[in-house]
Amino acid sequence: MKFILGLGFIVSLMASTAATKSTATATETTSEKKKPVFVKVETLKPGTHGHNLTVKVVESNPVKATGGGGGRGGRLSVNSRPPARISECLIGDETASILFTARNEQVDLMKPGATVIIRNAKIDMFRGSMRLAVDKWGRVEVAEPADIAVNEQNNLSLVEYELVNVEE
Ligand SMILES: *[C@@H]1O[C@H](CO)[C@@H](O)[C@H](O)[C@H]1NC(C)=O
Ligand SMILES: *[C@@H]1O[C@H](CO)[C@@H](O)[C@H](O)[C@H]1NC(C)=O
């Protein structure tokens, strides 16, 4: 009787050791250094973020800052910072293309013909269609020129989405 009890104790002790071990292994696996995942342009979807991509810049079109848009001009400058420089850049890879809204120093990096690595980019919606952008949590880097034949036929910024309000 005593023996069986003792064995049971040992067995359960072993089981709990095994459980602890497997938990430790699982933690190890998840905290393992993750390799950044790079995605293709065609996989971009509204409302998503955290994308890493390598793309080619096809064209860059500066967008005029505010003013002239029906306003009466002479907009009082509340802060002394110059307006953001914005350029709409068509970027893409062999799967698709999309407009990237480049701001300030990003404008200088997104030169037509440049190959760039975009990290932690997000999808913004502009009049129901997608734009790619990088905020302060992301990064744009000029890369070694790569031979990327941009698929301009599959222009994701031409796809219109119906905006539906979803309660959060
Ligand atoms: C994208 O790259 C950044 C920086 O290298 C990395 O921290 C992040 O985990 C990557 N994102 C994905 C989805 O792999
Ligand atoms: C892609 O779509 C955007 C948004 O409609 C448009 O401004 C741009 O000219 C298009 N580019 C090409 C190459 O079709």
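Residues numbered from 1 in each chain as written. Chains lettered and ligands numbered in written order. Predicted model: local features only at pLDDT ≥ 70, side-chain atom pairs only at ≥ 80, totals over all residues.

## Observations concerning the nonpolar core
- By size, the foremost hydrophobic cluster in this structure holds 20 residues, and its most contacted members are C89, I91, I98, F100 and M110.
- Mapped by element, the contributors of at least two residues to this core are β1 (49-63), β2 (86-92), β3 (97-103), β4 (115-126) and β5 (129-133).
- Residue contributions to this core peak at 4 residues, all from β3.
- Residues in contact with M110, not counting those within four places in the same chain, are V57, S60, S87, C89, F100, A102, V116 and V140. (Core = buried A, V, L, I, M, F, W, Y, C linked by C-beta atoms within 7 Å. Buried ≥ 20, exposed ≤ 12 C-beta atoms within 10 Å, placed from the backbone. Helix = DSSP H or I, 4+ residues; strand = E, 2+ residues; numbered from the N terminus. Contact = placed C-beta atoms within 7 Å.)

## Comments concerning the site of ligand 2
- Close to ligand 2 lie L90, L99, E152, N155, S157 and L158.
- Broken down by class, the residue content of the shell around ligand 2 amounts to 3 nonpolar, 2 polar and 1 charged. (Near = placed C-beta within 6 Å. Nonpolar A, V, L, I, M, F, W, Y, C, P; charged D, E, K, R; others polar.)

## Some points on the environment of E152
- As for its placement among the helices and strands, E152 is situated in the segment after β6 (139-142).
- For E152, a count of 12 C-beta atoms within 10 Å translates into the label exposed.
- Leave out the neighbours within four places in its chain, and E152 touches V58, G92 and S97.

## Structural notes on the site of ligand 1
- Close to ligand 1 lie K34, P36, V37, G50, N52, R119 and N120.
- Of all elements in the fold, only β1 and β4 reach the threshold of two or more residues within the shell around ligand 1.
- In the shell around ligand 1, the residues fall into 2 nonpolar, 3 polar and 2 charged.

## Some points on unusual backbone geometry
- One non-glycine residue with positive phi stands out, namely N104, at about 45°.
- Tracing the backbone through its elements, the reader meets N104 in the loop between β3 and α2 (105-109).
- The exposure class of N104 is exposed, given the 11 C-beta atoms found within 10 Å.
- Phi at N120 is positive, roughly 60°, even though this residue is not glycine.
- Turning to its location among the elements, N120 is positioned in strand β4.
- Taking the number of C-beta atoms within 10 Å as the measure of exposure, N120 has 15 and is therefore partly exposed.

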